[in-house]
Amino acid sequence: MLSGPITEMGPPANASASYLRTSLIRTGGGAAGTNDTMCGIAGYVGGRPAAPLILECLKRLEYRGYDSCGLAVQTSGGLFLRKAVGSIDGFREQVLGLAPAGTVGIGHTRWATHGVVDVRNAHPHVSCDGAIAIVHNGVIENADRLRTELAGQGHRFASDTDSEVVAHLIEEGMRQGQSFDRAFLALQERLLGTYAILAVHRDHDCILATRKGSPLVIGVGNGEYFPASDIPSFLPLTPRVVYLGEDECYSLSAGGMDRLAVQGDLAVRRHDVPTPEAVSLSVESISKGNFEHFMIKEILEQTGTLERLIREAPAAIHDVVPLLKNSKDIVFVGAGTSYHAALFGQYLFAAVARRHVDAYVSSDFEHHVDLLGPDSVVVALSQSGETADTLEAVHLAQDRGAPTIAVTNVELSSIARLSQHVIPLFSGPELAVAATKSYTAQLAILALFGESLASDLPADGTRPLWEARDRLFNLTSEAARRHTREVGRELLGAQQAFLTGRGRHYVTALEAALKLKEVSGLRAEALHGGEMKHGTLALVENGTPAIHFYDQQDFRRTEIAAAELKSRGARIISVGPQPLASSDQHIRVEDAGIATPIVQVIPMQILSYELAKLKSMDPDRPRNLAKSVTVP
Ligand code: GLU
């Protein structure tokens, strides 16, 4: 449902009758520590009406998370502009009948960073005269200063966003005599921060595009282009793609694609553009198929993704094992779920590889980086490979000469391209916002690293993973899912839940709590199993669910801790090889050695999914969250 009005920008008083062309600018790279924004950008230029195609592409970007949306299409009378708060489906219903048949346009799904979620702040944003429209993903760090400067030059702002300065900067450049291309190129000299930008002008039949630190790719069809935040957006329309480098600017039109470059005071269009690459992703891999949600599809895929990883990853990690072995320091960095994987790596390296490893939250990395140098190695974990905080950590590591290994699901992502080594996750596209199969793949890769460091026969290192894979069959069966749903039903009225574990099972508690929070909106807190007596017991009330993760080795100590909780009123849910004496409900997960955390998290992914459904929440699109956090 749309919660706000749709606004329309009519043709400005001085609108020319000519068609507008949109230009798409993509700026890349980025200054300092950044987080990813999760919004989506999609444009179209070619021979067909742009609006339906843009809406189709935006729909496939939905998984990234957004709060509002909008589009701008060139018409003979000026730019047609519509925006709304709410879903693409609701927006499409209201817009499709009205949209002109213009063949150049840009669209956006916003994940607000500057300014509340409302129609004014939704993109596209336009210049004062309405001739220029832009969409932007990222954060403009010097927006306040630019606003003041532009306001002094007479520009009026219609939103509270950082992004709007982009439209006015281009307008100001053109007022001062620059061409559209040149004014667009000048953005690079003025903007600090991260951005993927598309721009259109009512009198130019093109989209200008640039990027810096935020993702942007261009789908290439026959005489048509689909600039977008990622490939799934346009994959059913074309499998050919051009990857934009940082700070590159392109002009896209029905006549072709040109690279924009500065020559003196002018902009020139060069034809030396990269040859489009065919992507090997299948359309099936980005569709839900018979599943109700991407999240459950991806949870159930894990037996297959793990099997593929076990077969293919040992060869992929072969080259990095000596680097890890010979380095003085090993550091794992990640954000969110990837940080939990990093923590698992820390426990695992101590137990298996007998190596001390540090695990840092990406946004904290700057506080530790001074201790690193060329004899260190930094392992950067990121599903998307675009996580802004992790990208920044990689930049910081490289500034100190430390080589980086990207462990990512997207081999051509920014983090992968910046790193000396790339280890793929072999998981296929992960489109639900909550990470599931990419998490277990990260754990599996780290387990293989650890095993390879410990043994001269890395092939043996796959044994625990095969064991884990066998367990996954049972845990994802229909019967297991039914049982987990019943456990979920018991959590329905709960105000809070505690999750505990020791050692590497503490990592499972952290990851399971994150899933419950983000997917099913339950206030879930992970506690170290040994820490409860040191404070947390005070929060336990009658009926508070306490979920315990353990293996055979931890069994007795967990029993004691659970009994203490039970005697203070907690309801005990146990996830381990056998029930605890105090268990009210039990989910049986047999040990799989060092790979047990890969197995134990599966029922918790299912539980979060089922609980979200029981609460009528959309598991694929948690409130306020985005898939790929590309803003700082
Ligand atoms: N920073 C911009 C805003 O708040 C863009 C956010 C996004 O990437 O969606 O509007």
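Residues numbered from 1 in each chain as written. Predicted model: local features only at pLDDT ≥ 70, side-chain atom pairs only at ≥ 80, totals over all residues. Heavy atoms only, no water.

1. With respect to the pattern of salt bridges
Following the criterion strictly, the structure yields 32 salt bridges and no others. Between glutamate 56 and arginine 60 there is a salt bridge whose closest N-O contact spans 3.0 Å. Taken as a pair, glutamate 56 and arginine 60 lie in helix H1 (residues 50-60) at a separation of four residues, close to a single helical turn. A salt bridge links glutamate 246 to arginine 211; the nearest nitrogen and oxygen atoms lie 2.7 Å apart. Of the two residues, glutamate 246 sits in the loop between strand E13 (240-243) and strand E14 (249-253) while arginine 211 sits in strand E10 (residues 204-212), which places them 35 residues apart along the sequence. Owing to a relative accessible area of 2%, arginine 211 belongs among the buried residues under this scheme. (Salt bridge = Lys/Arg side-chain N within 4 Å of Asp/Glu carboxyl O. Helix = DSSP H or I, 4+ residues; strand = E, 2+ residues; numbered from the N terminus. Buried < 20%, exposed > 50% of the residue type's maximum accessible area, 1.4 Å probe, protein only.)

2. Structural notes on the packing of helix H8 (residues 302-317) against helix H13 (residues 437-454)
For the pair H8 and H13, interaxial distance at closest approach is 10 Å and the crossing angle is 35°. Of the two possible hands of crossing, H8 and H13 adopt the one that is right-handed. Residues Gln302, Thr305, Leu306, Leu309, Ala313, Pro314 and Ile317 of H8 form the contact with H13, whose participating residues are Lys437, Thr440, Ala441, Ala444, Ile445, Leu448, Phe449 and Ser452. Each residue belonging to the contact of H8 with H13 can be placed in one class, and the counts come to 10 nonpolar, four polar and one charged. (Axes fitted to C-alpha atoms, helices over the stretch in contact; angles between N-to-C directions. Left-handed = near helix turned anticlockwise from the far one by under 90°. Contact = heavy atoms within 4.5 Å. Nonpolar A, V, L, I, M, F, W, Y, C, P; charged D, E, K, R; others polar.)

3. Considerations on helix H15 (residues 478-490)
Given a rise of 1.5 Å per residue, 13 residues ought to cover 18 Å, and the 19 Å separating the end C-alpha atoms of H15 matches this to within 8%. Three or more residues of H15 are buried, namely Ala480, Arg481, Thr484, Val487 and Gly488. One side of H15 holds all its buried residues, which, seen down the axis, span an arc of 115°. The inward-facing, buried residues of H15 abut helix H7 (294-300), helix H14 (463-475), strand E26 (571-576), strand E27 (585-588) and helix H18 (596-614). (Expected span 1.5 Å × (residues − 1). Arc of directions from axis to C-beta.)

Purely spatial values, then, with no claim about function.
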